[in-house]
Every structure is written in C-alpha cells, then in structure tokens.
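# Survey of secondary and tertiary structure
Okay, here's what each chain looks like letter by letter:
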Amino acid sequence: ADQITVIAWVYPTQSATTSTAKTRGCAVGGYDSMYLGIIDNTDPNSSALHWAIKAGGSRPTSWTGAIPNNQWTMIVGTYDGTTSRAYINTSEVWSGALTGNIDKGSSLLWLGTYNGNTDSNHNWKGDISNVKIFNRALTAEEIAVEYKRTGETKMTQHNGTVYIQGKIKETV
C-alpha cells in the first residue's frame, strides 16, 4: 500500500472558531485526497488539528489537540498502509485504522488552501513554513528529528497572494 508523511510548521494568526459552520485553515491539501490543517474548536485562543487522508475509499479524520495562535507549531500527518496518525510537535495525538492505496483524487496539491481558494473557509490565516512531503510514513523517532531541524523558508499569504521567501537549508 502507499505511504506518506506530510509535515508543516504553522503559525496561525486567527483561530478556526465559529458558531455557525465548520471553519478550517488548510496548510497542505488536495480537495478530494488529503487535508492537513486546523479546524474550529471551542477555545478562542487555539484550533484543533485536522488530518484526513483518503485511502481504499475511506477517510478517517482527526479533529483533536490544540494548536495555539501566534506560536510556531509543527503539525504532521502520516499513513503507513494500515494506520493514519496525527502529531502536534512530537506527540501523537490521534490514530485511526485505514488500509489501501491513497486515493489520489483529481485535484492538485495546494499550500494555504485545499481547493484553489474557491472556499474561503479553508484559506490559511497566518504563516506556513518548512513543508515536507515524504513517500513513506516516518516513525515517531524520525518525526522528533524533523522537529529539531530548522529552516529559513517562510511562506506567507496576504490578501490571497502567496509569497515564498528564503532558501532550503537541508533536503531529506
């Protein structure tokens, strides 16, 4: 079966909280295949981690943990062919059984949104940095190593325009 790890350092400047609908902020995603970002919760100072990947026609979804506003946090989603996992920094906060190959879907992979800005509820509000995608599921130990690494690349979004600055310090 397929495997994947998606890592992003995020600095949300606005909670994904709302009383009327599910509001999300997608750091990395594809409309019908994968989503790594935040989703509303009841705390106005943080949001919950949202990790979902579709494989074998199913998509178990994590809506858990707390990602604080105005602070850098590493969020991670993995899939190893049998289990989907979500991490905040180095702590595993969710896992769910899932089998089969990853459904690639028909959409592109996006940074800062999951559907090409067609749904503003999913547009990222804040900064995203050091996005990494691996073609295998990293172990908890490897995720801890990634947490300790630093980079100089920063992506910001202002008024719908994405800017990428800096350079990559290390490739894996």
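Just so it is clear, the structure is predicted and the values come from calculations on it, not from any experiment.

Turning to the pairing of strand S7 (residues 83-88), a few remarks are in order. In terms of burial, S7 is a largely internal element, 5 of the 6 residues being buried. Note: strand S6 (residues 73-79) against S7, 5 bridges, orientation antiparallel. If you follow valine 76 over to S7, its bridge partner there is tyrosine 87. Remark: 3 residues form the turn of the hairpin made by S6 and S7, two consecutive strands paired antiparallel; glycine 81 in that turn has positive phi of roughly 100°. The pairing of S7 with strand S8 (residues 91-97) spans 6 bridges and is antiparallel. In the sheet register, tyrosine 87 faces S8, and the bridge partner there is glutamate 92. Following S7, the chain reverses through 2 residues before pairing antiparallel with S8; asparagine 89 in that reversal takes a positive phi of roughly 55°.

Moving on, we come to the packing of aromatic side chains. Inspection of the entire model under this criterion finds 2 aromatic pairs. Pairing tryptophan 9 with tyrosine 147 gives two aromatic rings, centres 5.4 Å apart and planes at 25°, and the pair type is stacked. Placement of the pair is tryptophan 9 in strand S1 (residues 4-12) and tyrosine 147 in helix H1 (residues 140-148), with a sequence separation of 138 residues. You can call tyrosine 147 partly exposed: its relative accessible area is 33%. On the numbers, 5.3 Å between centres and 50° between planes, the contact of tyrosine 11 with tryptophan 72 is tilted.

Before going further, it helps to examine the pattern of salt bridges. The tally for this structure, following the rule as stated, stands at 4 salt bridges. With a closest N to O distance of 3.4 Å, arginine 85 and aspartate 80 form a salt bridge. You can call aspartate 80 partly exposed: its relative accessible area is 27%. Through salt bridges that share partners, Asp80, Arg85 and Glu92 make up one connected network.

This part is about the environment of valine 145. Position of valine 145 relative to the elements: it lies in helix H1. Along the primary structure valine 145 and threonine 90 are separated by 55 residues, whereas in three dimensions their C-alpha atoms are 9.0 Å apart.

Although it is not a glycine, asparagine 70 adopts a positive phi angle of roughly 55°. Positionally, asparagine 70 belongs in the loop between strand S5 (61-68) and S6. You will see that asparagine 89, though not glycine, has its phi angle at about 55°, which is positive. Take asparagine 89: it is sitting in the loop between S7 and S8.

Each value, and the rule that gives it
Residues numbered from 1 in each chain as written. Predicted model: local features only at pLDDT ≥ 70, side-chain atom pairs only at ≥ 80, totals over all residues. Heavy atoms only, no water. Buried < 20%, exposed > 50% of the residue type's maximum accessible area, 1.4 Å probe, protein only. Helix = DSSP H or I, 4+ residues; strand = E, 2+ residues; numbered from the N terminus. Pairing = 2+ DSSP bridges. Phe/Tyr/Trp six-rings, centres within 6.5 Å; stacked < 30°, edge-to-face > 60°. Salt bridge = Lys/Arg side-chain N within 4 Å of Asp/Glu carboxyl O.

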